[in-house]
Amino acid sequence: MSAKYIQLANQLKNFIQKNLESDAICQLPTESALCQTYSVSRQTVRKALSVLAEEHLIQKRHGSGSYAVRTPQHNDTSQIAILVHSNTEYIYPRLLADLCGALQRYGFSWTVYVTENQIAREREILEFLLENQDNSVRAIVSEGCKTSFPTPNEDLYRRLAQKHVALLFFRGSYINLPDIPSIKDDNYNGGLALGQYLVSLGHHQIGGIFKTDEIQGVEQCSGLLSALRDARLLSCENSICNIDTQQLAALQKKQDTGFLSDFLDRQLKSVTAIVCCDDEIAYWLIKELNYRKMRVPNDVSVVCFGSSYLSDLSTVPITSYAQKEHDLGTAAAASILKLIKGKFISPQRLPWQLVIKRSAAPPA
């Protein structure tokens, strides 16, 4: 008769095989639970788990336990496709590290596809994923392109859903794909809160800069306008600047701040505070203000959404509404794992928190 730990290892192999047939993720019971279930000592349990680890059937994770390692079979894969606008620009390295790190802990691999926020590029990627049946993915996490508008790629997303590919949008979603779950920031309430904060400081001349070919910017602007309405300051709507992907790309790749200069030429005399759609825009706006010998916050207050390293790299640290660190990436990973398991998830809106620094003050 084989040793007890070998017998237990074989029983656990059957447990793993049975559970992986119905679940993408299989976590083994704790050592204490295994001792109780199989009436063996903790030493026997540990030796059995070591056998499974040596055969690459489980992965031990410190502080989390032991997880079965899914071995891809024919027409079966643990691959997840991640579609993002960029994999280098300022927020993405941390976001992808959080998302991919969480997926890796559950035995999934991934491929990152860069769309550059171009609908045509998104279509090419989706067609590729549909046509390569032998390398079909289990799931797609997609940062939609130009989400202010209905997507013409609805047909491809529908075909992928029909093939039982789990789909999740993050940061934005499409109005013509309302049944596909999404995770994004609570942009409307963030815009409302930033507007209310500036009003509470005594500002009555408030401008804004928003990226309006993405739903995030539309929601942020809508929130700010609601705050201005409640404060009877809707005349400030003429001090709101709309930008698009092309202008943002010129800023990121060529440091072309022409649209910020134009905005200040038009509005600088009529605003005492400006809300920016992200801290990248705020960072460059403060540079432009410094160039014009305008002091922040003495002459103009600047606030924004998001709080990356740029918020502190600025000559004046930027007051912002930001997520808790790691929220979006880890929330997206948790949601796509639930969808892979066939569970229903509701759309999520991640809350902001006010991070007060030195870029906003009462008007002079």
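Just so you know, these numbers come straight off a predicted model, no measurement behind them.

### Section: the sheet that holds strand 9 (residues 240-243)
Read from one edge of the open sheet, 6 strands run 9-8-10-11-12-14, paired in mixed fashion. The open sheet has two edge strands with one neighbour each: strand 9 and strand 14 (353-355). With strand direction ignored, the average angle separating the axes of adjacent strands in the sheet is 15°. Across 3 bridges, the pairing between strand 11 (residues 301-305) and strand 12 (residues 319-322) is parallel.

### Regarding the nonpolar core
Ranked by internal contacts, the top residues of the largest apolar core, which has 47 residues, are Ile-209, Ile-274, Val-275, Cys-276, Ile-281 and Leu-285. Of the residues forming this core, the biggest block, 7 residues, is contributed by helix 11 (residues 279-291). Beyond its immediate stretch of four places on either side in the chain, Leu-285 contacts Ile-209, Leu-260, Leu-264, Ile-274, Cys-276 and Val-302. Among the nonpolar cores identified, the runner-up in size contains 27 residues, and Val-84, Ala-166, Leu-337 and Ile-340 belong to it.

### Here's the deal with the pairing of strand 9
In terms of strand pairing, strand 8 (residues 206-211) meets strand 9 through 4 bridges, oriented parallel. Residue pairing for strand 9: Gly-208 is matched across the bridge by Ile-240. Crossover handedness for the path strand 8 to helix 8 (residues 215-230) to strand 9: right-handed.

Parameters at a glance
- Residues numbered from 1 in each chain as written.
- Predicted model: local features only at pLDDT ≥ 70, side-chain atom pairs only at ≥ 80, totals over all residues.
- Heavy atoms only, no water.
- Pairing = 2+ DSSP bridges.
- Helix = DSSP H or I, 4+ residues; strand = E, 2+ residues; numbered from the N terminus.
- Axes fitted to C-alpha atoms, helices over the stretch in contact; angles between N-to-C directions.
- Core = buried A, V, L, I, M, F, W, Y, C linked by side-chain atoms within 4.5 Å.
- Buried < 20%, exposed > 50% of the residue type's maximum accessible area, 1.4 Å probe, protein only.
- Contact = heavy atoms within 4.5 Å.
- Right-handed = clockwise from strand over helix to strand, strands pointing away.

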